[in-house]
Amino acid sequence: MLTIEALEKRYKTGDLALRGVSFSVAPGDVVGLIGPSGAGKSSLIRCINRLVEPTGGSVRLNDLDVTKLGRGELRKVRRRIGMIFQEFALVERLTVMENVLSGRLGYVPFWRSFTRRYPQADVDTAFALLDRVGLSDHVDKRADALSGGQRQRVGIARALAQNPELLLVDEPTASLDPKTSRQIMRLIVEICQERTLPAIVNIHDVMLARMFVGRIIGLRAGEVVFDGPPEALDDAALTRIYGEEDWTQMRAAADEDAEDSAAVAAFEQARDERLETLA
Ligand SMILES: Nc1ncnc2c1ncn2[C@@H]1O[C@H](COP(=O)(O)OP(=O)(O)OP(=O)(O)O)[C@@H](O)[C@H]1O
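So, a few notes on the structure that sits alongside this text. (Residues numbered from 1 in each chain as written. Predicted model: local features only at pLDDT ≥ 70, side-chain atom pairs only at ≥ 80, totals over all residues. Heavy atoms only, no water.)

1. Notes on the sheet that holds strand S7 (residues 166-170)
- Across the sheet, six strands lie side by side as S6-S7-S8-S3-S9-S10; this open sheet has mixed pairing. Strand pairing shows two members of the sheet lacking a second neighbour, strand S6 (81-84) and strand S10 (223-228), which therefore form its edges. Direction aside, neighbouring strands of the sheet carry axes that sit 20° apart on average.
- Bridge count between strand S3 (residues 30-34) and strand S9 (residues 215-220): four bridges; the pairing is parallel. Paired with Leu 33 across the bridge in S9 is Ile 217. (Pairing = 2+ DSSP bridges. Helix = DSSP H or I, 4+ residues; strand = E, 2+ residues; numbered from the N terminus. Axes fitted to C-alpha atoms, helices over the stretch in contact; angles between N-to-C directions.)

Shown next, in the form of structure tokens:
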């Protein structure tokens, strides 16, 4: 269980990015974090694992009070919290397997990580994870030879390799096409449910959030202004989060996207039917 209470972040510049944010995330719950640019989504994600230092409030992960740990103990928190990034953050010249094993770095002694000699149990776990994310045929490929969707699957497997108690996911689909984005979101949600992992996904695509997550938190100017299931995210709630003008623009863009998706789906279906008749 992740419990955030009265979390505040004031940057040295004076910007108050988080103004008393409180909520809990239960095991297996995937929370989609939405809000306009500058609402504080990244600050929140980064305060949870203390990449950014909160200036008030608390973050507790199960038995651990993250905000009370000294600087030297941060490795302990980072080990418990898996991160999945927008740009995948893979080591390009390493193989898929090596990238996944790097998720174990917080656990293995330095000399082992330096020589990249991991215990067999870690290698077995990495194989199982790569199988789960659909990459068992790509284990020995270099990361730079993969597609965007495959790269994000490696990112997911790497985060899971550290056996985290919480997943923080930062714009996981921002560099992906719509179909791959849906596959990646579905995979993240399924895996969290299978492992009863709590997760927070910073996601700017409201439609995608609605489609996959069970709970949405809307931030505006550093405050939670919506917390509920996707069905409750009606026009009034979206206006509260984004403001009248922004939401109207987003809705127009979303309608266009939906039309594009429908056109792509129709094209794909026609193509598949044609391939079937040729086969
Ligand atoms: N390093 C920093 N120093 C000073 N102010 C910052 C810093 N990082 C963020 N801020 C400010 O904090 C507020 C919240 O920013 P944050 O990046 O958390 O929002 P966001 O919702 O993630 O936005 P986006 O969707 O554009 O990434 C903004 O006013 C921003 O200018």
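2. A few points about the pairing of S7
- Of all five residues making up S7, five are buried, and the element is well covered by its neighbours.
- Taken together, the four bridges between S6 and S7 define a ladder with parallel strand orientation. Its bridge partner lying in S7, Ile 81 is registered against Leu 166.
- In this structure, S7 lies alongside strand S8 (residues 199-202), joined through four bridges in parallel fashion. Bridge assignment links Asp 170 to a residue of S8, and that residue is Asn 202.
- Read as a crossover between parallel neighbours, the route from S7 over helix H7 (residues 178-194) to S8 is right-handed. (Buried < 20%, exposed > 50% of the residue type's maximum accessible area, 1.4 Å probe, protein only. Right-handed = clockwise from strand over helix to strand, strands pointing away.)

3. Quick look at the packing of aromatic side chains
- Evaluation of the coordinates by the stated rule reveals zero aromatic pairs.
- Taking NZ or CZ as reference, Lys 9 lies 4.9 Å from the ring centre of Tyr 11, over its face. (Phe/Tyr/Trp six-rings, centres within 6.5 Å; stacked < 30°, edge-to-face > 60°. Lys NZ or Arg CZ within 6 Å of the ring centre and 35° of its normal.)

4. Considerations on the side chain of Asn 99
- Checked against the element boundaries, Asn 99 lands in helix H3 (residues 96-101).
- Not counting residues up to four positions away in its chain, the partners in contact with Asn 99 are Leu 90, Val 91, Leu 94, Ala 143, Val 154 and Arg 158. (Contact = heavy atoms within 4.5 Å.)

5. Concerning the side chain of Thr 95
- You can see Thr 95 is positioned in the loop between S6 and H3.
- Relative accessible area serves as the criterion here: at 18%, Thr 95 is assigned to the buried category.
- Other than its neighbours up to four places away in sequence, Thr 95 contacts Val 139, Asp 140, Lys 141, Arg 142 and Ala 143.

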